[in-house]
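# Survey of secondary and tertiary structure
Each chain, letter by letter, is given below.
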Amino acid sequence: MIRPSWDEYFMEVAEVVARRSTCLRRQIGAILVKDKRILATGYNGAPSGLRHCVECGCLREELKVPSGERHEICRALHAEQNAIVQAARYGISVKDSTLYTTVEPCVLCAKMLINAGIVKIVFRDRYPDELARQMLGEASIVVERYNGT
């Protein structure tokens, strides 16, 4: 029997979480982990109780807004945001935890991750946001790209 590494295991969980996404453009999953235990999960989608993009459409898609721009007109929260909010809702501290995410964080999420006390980010796919990379570096958060087994 071959057991997956911890990075492989947690990234696979993030990939399963991404399948819950209701975004029409991209499905993203994120999990917060500390001491090899999953603290919270999140995927990109509309706030609880509101219609999802699969039901009412995507304004960013209709306006042909490029990836990484005009986040404020999107109905959805990002996967990282939802993971942080889920932990806060249930009183779980994420300080000193690691984020596993299927896509590298944008600058909005990077700022939240910095203030939440995240110490490490492991991501699979790149995202075009140089400011996010700069801020995470300035905050001394370890950022690693996961390349599989």
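In this text, all values refer to a predicted model and were calculated from it rather than measured experimentally.

## Some details on the pairing of strand β2 (residues 37-43)
In this sheet, β2 lies alongside strand β1 (residues 29-34) in antiparallel orientation, the contact comprising six bridges. The residue of β2 that forms the bridge with Leu-32 is Ala-40.

## Some points on the state of the cysteines
This structure, assessed with the given rule, holds zero disulfides. Free of any disulfide, Cys-23 has its nearest cysteine sulfur in Cys-53, 6.0 Å distant. We note that Cys-74 lacks a disulfide partner, and the nearest cysteine sulfur, in Cys-53, lies 5.4 Å from it. Its relative accessible area of 24% is what places Cys-74 among the partly exposed residues.

## Topic: a nonpolar patch on the surface
A cluster of nonpolar residues, Trp-6, Tyr-9 and Ile-38, forms a patch on the protein surface that exposes about 280 Å² of accessible area. With respect to the helices, strands and loops of the structure, Trp-6 is situated in helix α1 (residues 6-18). Residue class for Trp-6 comes out partly exposed when judged on its relative accessible area of 39%.

## A few points about the packing of helix α5 (residues 107-116) against helix α6 (residues 130-138)
Relative orientation and spacing of two packed helices are given, respectively, by the angle between their axes and the distance between those axes. At a closest axis distance of 8 Å, the pairing of α5 and α6 adopts a crossing angle of 15 degrees. When the axis of α5 is compared with that of α6, the two are roughly parallel. The two elements α5 and α6 meet at a crossing, and its hand is right-handed. Mapping the contact onto sequence places Val-107, Ala-110, Lys-111 and Ile-114 in α5 and Leu-131, Ala-132, Met-135 and Leu-136 in α6.

## Things to note about unusual backbone geometry
Even without being glycine, Asp-35 reaches a positive phi, approximately 55 degrees. Examined against the element boundaries, Asp-35 turns out to sit in the loop between β1 and β2. Judged by its relative accessible area of 65%, Asp-35 is exposed. With phi around 65 degrees, Asp-96 is a residue other than glycine that occupies positive phi space.

## Looking at the environment of Gly-117
Here Gly-117 lies in the loop between α5 and β4 (120-125). Between the C-alpha atoms of Gly-117 and Leu-131, which are 14 residues apart in sequence, the distance is 19 Å.

## What about the pairing of strand β5 (residues 142-145)?
Regular strands show a simple pattern: their side chains alternate between the two faces of the sheet. Note: β4 against β5, four bridges, orientation parallel. Counterpart to Ile-121 in the pairing with β5 is Val-143. The parallel pair β4 and β5, bridged by α6, forms a crossover whose chirality is right-handed.

The rules we used
- Residues numbered from 1 in each chain as written.
- Predicted model: local features only at pLDDT ≥ 70, side-chain atom pairs only at ≥ 80, totals over all residues.
- Heavy atoms only, no water.
- Pairing = 2+ DSSP bridges.
- Helix = DSSP H or I, 4+ residues; strand = E, 2+ residues; numbered from the N terminus.
- Disulfide = S-S within 2.5 Å.
- Buried < 20%, exposed > 50% of the residue type's maximum accessible area, 1.4 Å probe, protein only.
- Patch = residues over 30% accessible without salt bridge, like charges linked within 9 Å, V, L, I, M, F, W, Y side chains within 5 Å.
- Areas by Shrake-Rupley, 256 points an atom, 1.4 Å probe, with all protein chains shown as cover.
- Salt bridge = Lys/Arg side-chain N within 4 Å of Asp/Glu carboxyl O.
- Axes fitted to C-alpha atoms, helices over the stretch in contact; angles between N-to-C directions.
- Parallel < 35°, antiparallel > 145°, perpendicular 65-115°, else oblique.
- Left-handed = near helix turned anticlockwise from the far one by under 90°.
- Contact = heavy atoms within 4.5 Å.
- Right-handed = clockwise from strand over helix to strand, strands pointing away.

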